[in-house]
Amino acid sequence: MGREVNEETGASVSSGSDLPNLTPVSREDSRGGETSLETPRTTQVRWRDLPSKDQLFILSLCRLSEPLSNVCLLPYIFYLVRSVLHPTSNPSDDDQSPEAIDAAAARIAEFSGLLVAAFPLAQFIVSLPWGQLSDKHGRRLSIVGGLAISVLANVGFGFSRSFGTLLFWRILAGLANGNVGIMRTVTAEIVRERKYQTKAFLLLPLVFNAGMVASLALGGCLAEPVVNLPWLFGPEGVLNTNRNPAGVGWALDYPYALPALLNAVLLGASLVLAVAGLKETLPGREDQSDVGLRVGAAIMRLLVRIRPRRQEYIRIDSSEDTFLGQAQPDHEKPLPDPTHIRRKDVPFRSIWTRKVVCALVSFGLLPLHNSAFMHIFPIYLSSPPADNGEASFFAFTGGLGLRSSIIGVWLSSFGICGILLQLFIYPRLQGRIGTRGVLRIALFLFPITYAAAPYLSLFVGEDEGTPRWVFLGLVMCSQIMARTMAIPSTVIILTGAAPSKTVLGTIHGAGNMLASLARAVGPAIGGYVFALGVKEGVIGLVWWLYLVIIALCALAWSYLMDRDEN
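So, a few notes on the structure that sits alongside this text. Keep in mind it's a predicted model, so treat the numbers as computed, not measured. (Residues numbered from 1 in each chain as written. Predicted model: local features only at pLDDT ≥ 70, side-chain atom pairs only at ≥ 80, totals over all residues. Heavy atoms only, no water.)

1. Re the nonpolar core
Side chains that are nonpolar tend, in soluble globular proteins, to be buried together.
Step number 1: Among the nonpolar cores identified, the biggest contains 95 residues, and Phe377, Phe446, Phe530 and Trp543 are the most heavily contacted of them.
Step number 2: For this core, the element with the highest residue contribution is helix α16 (residues 354–382), accounting for 15 residues.
Step number 3: Those residues in contact with Phe377, other than ones at most four positions away along the chain, are Leu411, Leu456, Leu472, Val475, Met476 and Trp543.
Step number 4: Leu50, Trp130, Leu203 and Ala264 belong to the second-largest nonpolar core, a separate cluster that totals 27 residues. (Core = buried A, V, L, I, M, F, W, Y, C linked by side-chain atoms within 4.5 Å. Buried < 20%, exposed > 50% of the residue type's maximum accessible area, 1.4 Å probe, protein only. Helix = DSSP H or I, 4+ residues; strand = E, 2+ residues; numbered from the N terminus. Contact = heavy atoms within 4.5 Å.)

This is the structure:
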């Protein structure tokens with residue numbers, strides 16, 4: 001009836017076009033007992049209509065763990081890596097030759113690529129085990145455990161003063177965040193009706209984007225607080241109680257600790273809420289409870305008693321009501337889930353159907369270039385500018401020389417565009433042209449953006465200020481729009497490919513595993529090629545030789561996947 005329902009999973013799977021249902025529905029007339037035919041009217045689902053909003057809220061806060069732990073360092077990674085490398089990698093004031101500057105920038109790019117790649121590489125190692133663990137012992141254990149380790153890793157990262165310790169805490173944070181696929185699975189298990197799933201599957205990418213916006217802004221502005229926040233940490237700052245002439249002592253010793261400490265505080269709050277309120281969703285164990293949930297329930301009962309009582313109507317359930325208190329057509333009522341009655345285990349080898357494998361490849365190609373861009377672009381913006389007076393169409397070099405605070409504000413400001421796109425444009429666009437159509441639009445935008453981005457290096461003169469900022473804004477907006485449309489689309493396609501809901505944790509674990517490997521390989525290769533381009537005087541080498549080619553492969557695969565299914 002306008003939706004494909006997987007009988008094994010009890011979950012609805014999005015069809016290609018997502019057209020409204022116009023199938024006549026049999027209804028019994030209460031006045032005469034006669035049967036009439038009606039055409040159900042489709043209504044737009046609002047965010048407030050989503051079921052289990054309390055669970056989705058807690059899950060969304062848990063989803064902040066990855067963007068806070070992973071991308072917070074991007075605005076200042078150039079300066080962080082420079083501060084922990086051997087002094088020979090940083091040209092002194094007496095040695096400012098172009099060769100020395102290029103050599104230092106190339107080495108920083110290589111080491112920063114390793115630091116960025118460590119997080120997703122650790123995710124790759126543990127993603128599938130996290131998924132299998134959640135399928136056997138429950139989703140709640142995996143999510144709460146990962147959050148606790150993330151808090152510890154952020155604190156350790158902030159107070160690290162060598163590249164080795166930075167790398168260790170970065171790996172630990174990646175191990176803790178190998179449960180991202182489980183959170184996607186929990187979303188599918190919380191929201192079972194198809195009419196709500198488009199909005200629900202947008203929620204985690206929306207929170208991810210919001211977390212990235214906040215994390216990039218805070219990371220750029222809170223790094224080096226003595227410089228960026230002198231009114232708090234400077235010589236005359238409010239927090240400089242010892243009146244140190246250089247500023248707050250610990251902020252001078254650990255100039256990049258403040259962003260990580262704030263991350264730990266925010267994730268600690270999410271951890272408390274998850275322990276006290278996040279319910280188990282594994283089929284067959286939905287009623288499972290533990291000490292944390294019982295304490296949370298006791299706190300809620302106490303708050304209800306303290307809160308003043310208001311006169312309310314008593315709701316009487318009827319056959320026309322839904323769990324939202326609104327009438328809905330009989331054919332839209334949730335179907336009974338057979339997994340509640342008897343759980344059927346799908347053999348491991350039977351999980352990997354051709355449809356699942358095709359969806360996994362598409363799921364993995366996206367972060368292969370997107371993660372490389374997320375690493376390369378801040379490094380590129382931080383790199384010292386160069387004199388390109390004799391530049392050719394392809395042979396030019398240098399970055400923009402921007403400070404971490406400016407980079408953070410720019411990245412986060414345009415990240416807001418992605419949030420607005422997800423809120424107001426993506427659902428309508430997906431409803432008109434389908435999930436695959438939205439994905440293909442995004443895949444067309446990626447190679448165009450990557451091909452144009454390095455020409456920012458030619459806009460570094462004093463009279464090029466306005467064109468440079470306009471061009472920079474166009475590049476960032478285009479990439480963020482493409483990413484925002486592509487991420488939820490690949491998640492929906494992967495979820496719809498699952499042969500059974502009982503293996504969603506394994507499939508999303510495998511998807512997260514593959515994506516984590518791509519997010520590790522992308523920055524590592526991208527950092528190496530970027531360094532090679534700096535040494536050879538071709539700053540666009542990584543953009544044209546790596547990012548554009550991978551983006552074109554992803555676009556071509558989307559057509560091959562469609563042809564294979566047809």
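2. Comments concerning the packing of aromatic side chains
To describe a pair of aromatic rings, you give the distance between the ring centres and the angle between the ring planes.
Step number 1: Throughout the structure, instances matching the rule amount to 22 aromatic pairs.
Step number 2: Considering the side-chain rings of Phe159 and Tyr254, the 5.1 Å spacing of their centres and the 75° angle between planes classify their relative orientation as edge-to-face. Separated by 95 residues along the polypeptide, Phe159 in the loop between α5 (139–158) and α6 (163–176) and Tyr254 in the loop between α11 (249–253) and α12 (257–277) bring together distant segments of the chain.
Step number 3: Under the relative-accessibility criterion, Phe159 is labelled partly exposed at 37%.
Step number 4: A centroid spacing of 5.3 Å and a plane angle of 45° characterise the contact between Phe393 and Tyr455, whose relative ring orientation is tilted. Remark: Tyr455 occurs in the loop between α17 (404–452) and α18 (465–496) and Phe393 occurs in the loop between α16 and α17; sequence separation between them is 62 residues.
Step number 5: We classify Phe393 as exposed; its relative accessible area is 56%.
Step number 6: The exposure class of Tyr455 is buried, given its relative accessible area of 16%. (Phe/Tyr/Trp six-rings, centres within 6.5 Å; stacked < 30°, edge-to-face > 60°.)

3. Brief notes about the side chain of Thr506
Step number 1: Along the chain, the position of Thr506 falls in helix α19 (residues 504–536).
Step number 2: We classify Thr506 as buried; its relative accessible area is 6%.
Step number 3: Reaching out from Thr506, the side chain makes a polar contact with the side chain of Asp135 at a distance of 2.5 Å. (Polar contact = N/O pair within 3.5 Å; in protein donor to acceptor, adjacent residues only side chain to side chain.)

4. A short note on the packing of α17 against α18
Step number 1: Axis separation between α17 and α18 bottoms out at 4 Å; the angle between their running directions is 40°. Considered as vectors, α17 and α18 are oriented oblique to each other. (Axes fitted to C-alpha atoms, helices over the stretch in contact; angles between N-to-C directions. Parallel < 35°, antiparallel > 145°, perpendicular 65-115°, else oblique.)

5. A short note on the environment of Gln430
Step number 1: Note that Gln430 resides in helix α17.
Step number 2: Separated by 232 residues in sequence, Gln430 and Thr198 place their C-alpha atoms 8.5 Å apart.
Step number 3: Looking at Gln430, its side chain comes within polar contact range of the side chain of Thr435, at 2.8 Å.

These results come straight from atomic positions and should not be treated as a statement about function.
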